[in-house]
Amino acid sequence: DMKVTQMPRYLIKRMGENVLLECGQDMSHETMYWYRQDPGLGLQLIYISYDVDSNSEGDIPKGYRVSRKKREHFSLILDSAKTNQTSVYFCASSWGQYQDTQYFGPGTRLLVL
Amino acid sequence: GQQVQQSPASLVLQEGENAELQCNFSSTATQLQWFYQSPGGSLVSLLSNPSGTKHTGRLTSTTVTKERRSSLHISSSQTTDSGTYLCAIGHSGTYQRFGTGTKLQVVP
């Protein structure tokens with residue numbers, strides 16, 4: 001069953017706290033992505049990972065970092081979260097780079113107070 | 001960077017009517033995908049169509065690459081088609097960028 005999972009689905013944090021968002025996929029996809037989605041701005045790419053320990057910045061990497069130690073797991077870390085990082089975060093994966101169909105997780109709603 | 005414009009921003013249809021959604025982009029694309037986002041937020045890929053015409057079920061996408069535009073036609077709309085339709089564009093050597101979407105509401 002081809003699936004991308006995200007944990008947690010909902011999260012409330014206070015400004016300055018650290019945040020860890022987890023993503024998993026069971027398709028052995030090489031490429032994984034982290035996006036955030038805000039009203040009126042669409043999906044914006046934060047980071048892209050081409051494989052284990054091979055990560056690149058997307059359009060809005062500031063304030064975020066990622067970790068990929070296993071092909072099936074991709075983590076997004078917010079060190080000292082800010083209120084403007086309140087958003088819905090989506091993880092996705094695809095077989096290859098750039099051109100292949102992306103499979104999305106269900107999203108994580110993060111509220112930073 | 002690549003700019004992706006979708007129109008209309010929102011659309012309300014009576015069930016059974018057809019929908020025409022537009023996607024315009026600022027530079028040549030080698031990849032174009034249409035996605036559907038449900039009212040609950042889940043995202044699925046509908047089809048990939050970097051050029052020409054492609055059909056799947058009640059969906060038809062036509063992309064004219066040199067004119068930097070793509071359309072998604074939904075025939076005989078159903079209430080379950082309600083949601084947001086996103087266009088994503090990529091070109092060789094870089095990741096895709098998304099438009100802000102067209103929000104479709106199909107009423108009975």
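Only a predicted model underlies this, so the values are computations on that prediction, with no experimental measurement involved.

Draft legend 1. Structural detail: the state of the cysteines. Residue and element names in this part refer to chain A. Evaluated as defined, the whole model comprises 2 disulfides over all chains. The partner cysteine of C23 in its disulfide is C91, sulfur to sulfur 1.8 Å. Taking the torsion about the sulfur-sulfur bond, which here is approximately -75 degrees, the covalent link between C23 and C91 counts as left-handed. Within this pair, whereas C23 is found in strand 3 (residues 19-25), its partner C91 is found in strand 9 (residues 87-94), the two being separated by 68 residues in sequence. No difference in accessibility class separates C23 from C91, as the two residues are buried.

Draft legend 2. The arrangement of the sheet that holds strand 3 of chain A in detail. Residues and elements named next belong to chain A. Strand order in this open sheet of 4 strands is 1-3-8-7, and the pairing throughout is antiparallel. Strands with a single pairing partner mark the edges of an open sheet, and in this sheet they are strand 1 (4-7) and strand 7 (65-70). When strand polarity is set aside, the average angle formed by the axes of neighbouring strands in this sheet is 20 degrees. In this structure, strand 1 lies alongside strand 3, joined through 4 bridges in antiparallel fashion. Across the sheet, Q6 pairs through a bridge with C23, a residue of strand 3.

Draft legend 3. Seen up close, the packing of aromatic side chains. For the coordinates displayed, the defined rule picks out 10 aromatic pairs over all chains. Where F104(A) meets F98(B), the ring centres are 6.3 Å apart and the plane angle is 80 degrees; that geometry is what we call edge-to-face. Separated into two different chains, F104(A) in strand 10 (residues 103-104) and F98(B) in strand 10 (residues 97-98) make up a pair that spans both. Of the two residues examined, F104(A) and F98(B), each falls in the buried class. One aromatic cluster is present, built from ring pairs that chain together Y33(A), Y35(A), F90(A), F104(A), F35(B) and F98(B).

Draft legend 4. Seen up close, the side chain of S87(A). Residues and elements named next belong to chain A. Note on placement: S87 falls in strand 9. Of note is the side chain of S87, whose polar atom sits 3.1 Å from the backbone oxygen of Q37. A distance of 2.8 Å separates polar atoms of two side chains, one belonging to S87 and the other to D38. Excluding residues that lie within four positions of it along the chain, S87 makes contacts with R36, Q37, D38, T108, R109 and L110.

Draft legend 5. The nonpolar core, seen in detail. Grouped together as the largest cluster of nonpolar side chains are 20 residues, with contacts concentrated most on W34(A), L76(A), L78(A) and Y89(A). For this core, the secondary-structure elements that each account for two or more residues are strand 3, strand 4 (31-38), strand 5 (42-51), strand 8 (73-78), strand 9 and strand 11 (108-112) of chain A. Setting aside residues up to four positions removed in sequence, L76(A) forms contacts with V19(A), L20(A), L21(A), W34(A), I46(A), Y64(A), R65(A), V66(A) and Y89(A). Core analysis: the second largest hydrophobic core is formed by 19 residues, V4(B), L13(B), L32(B) and W34(B) among them.

Criteria and cut-off values
- Residues numbered from 1 in each chain as written.
- Chains lettered and ligands numbered in written order.
- Predicted model: local features only at pLDDT ≥ 70, side-chain atom pairs only at ≥ 80, totals over all residues.
- Heavy atoms only, no water.
- Disulfide = S-S within 2.5 Å.
- Helix = DSSP H or I, 4+ residues; strand = E, 2+ residues; numbered from the N terminus.
- Buried < 20%, exposed > 50% of the residue type's maximum accessible area, 1.4 Å probe, protein only.
- Pairing = 2+ DSSP bridges.
- Axes fitted to C-alpha atoms, helices over the stretch in contact; angles between N-to-C directions.
- Phe/Tyr/Trp six-rings, centres within 6.5 Å; stacked < 30°, edge-to-face > 60°.
- Polar contact = N/O pair within 3.5 Å; in protein donor to acceptor, adjacent residues only side chain to side chain.
- Contact = heavy atoms within 4.5 Å.
- Core = buried A, V, L, I, M, F, W, Y, C linked by side-chain atoms within 4.5 Å.

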